[in-house]
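In case you want the letters, here they are:
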Amino acid sequence: MNNRIDLAKKAPKVYRAMIALDAAAREGLDEQLAELVRIRASQLNHCAYCINMHTADARMGGESEARIYLLNAWEEAGDLYTEKERAALRLTEAITVLSSHEYVSDEVYERAAKHFGEEELAQLIALIFTINSWNRIAVSTRKVPNVR
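Residues numbered from 1 in each chain as written. Predicted model: local features only at pLDDT ≥ 70, side-chain atom pairs only at ≥ 80, totals over all residues. Heavy atoms only, no water.

Going by the annotation in an unreviewed UniProt entry, the name recorded for the protein chain is Carboxymuconolactone decarboxylase family protein, with Lentzea alba given as the source organism.

## Notes on the confidence of the model for the protein chain
Quick reminder of the rule: In predicted models, pLDDT denotes the confidence assigned by the predictor to each residue on a 0 to 100 scale. The helix count covers DSSP runs of H or I at least four residues long, the strand count covers runs of E at least two residues long, and both are numbered beginning at the N terminus.
Looking at the protein chain, pLDDT values average 94 and 97% of them are 70 or higher. Confidence, expressed as mean pLDDT per element, reaches its minimum in the protein chain at helix α1 (residues 7-10) with 93 and its maximum at helix α3 (residues 31-44) with 98.

## Re the packing of helix α4 (residues 48-60) against helix α8 (residues 118-140)
Where we set the bar: Here, axes are lines fitted to C-alpha atoms. For helices the fit covers the stretch in contact, and angles between N-to-C directions go from 0 to 180 degrees. Reported orientations rely on four angle classes, namely roughly parallel under 35 degrees, roughly antiparallel over 145, roughly perpendicular from 65 to 115, and oblique for the rest. The criterion used for residue contact is that any of the two residues' heavy atoms lie within 4.5 Å.
Taken N-terminus to C-terminus, the directions of α4 and α8 make an angle of 125°; their axes are 8 Å apart at the nearest point. When the interaxial angle is binned, α4 and α8 end up oblique. Note on element contacts: α8 touches α4 through I131, W134, N135 and A138, opposite Y49, C50 and H54.

## Some words on the packing of aromatic side chains
Going by this rule: Side-chain rings of Phe, Tyr and Trp (the six-membered ring for Trp) are treated as a pair once their centres are within 6.5 Å; stacked means planes under 30 degrees apart, edge-to-face means over 60, and tilted covers the remaining angles. For every residue, the accessible area obtained with a 1.4 Å probe (protein chains only) is divided by the maximum for its type, and the residue is called buried under 20%, exposed over 50%, and partly exposed between those limits.
A complete count under the given rule lists one aromatic pair for this structure. Each ring, one from Y15 and one from W134, has its centre 5.6 Å from the other, and the planes form 75°; the classification is edge-to-face. Of this pair, Y15 sits in helix α2 (residues 12-26) while W134 sits in helix α8, and the two are 119 residues apart along the sequence. Overall, W134 belongs to the buried group, its relative accessible area being 14%.

Shown next, in the form of structure tokens:
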């Protein structure tokens, strides 16, 4: 499978805006938590390119292999993830898998708000919608993973 189009070359303003949005969304968030969120959203969106990139980045940031491997079953992994991480992952799933029957419930939102201050929660939401945008770019353009 080959890349369909290089968005950075064919829509450079959009691509630069995404880079700026990504940088702004990361501000103030723990990078290890951010990588878990990026990986989980990418798993849900079947984005091989982003799963590969963020898994490698998480490893370089000191994330354990077990936590990376079990991320797609985080709810069943017991206390491998902190309550704060679990709240972030639950919010990630709720925002990523929007449908006419599912939405970000008050329970999911309030659980996240219990672990994140308002500014940090706003940044987390921004990180989640940003990685979802990257996933959609990579999936729609068939961006091929750079296996490291």
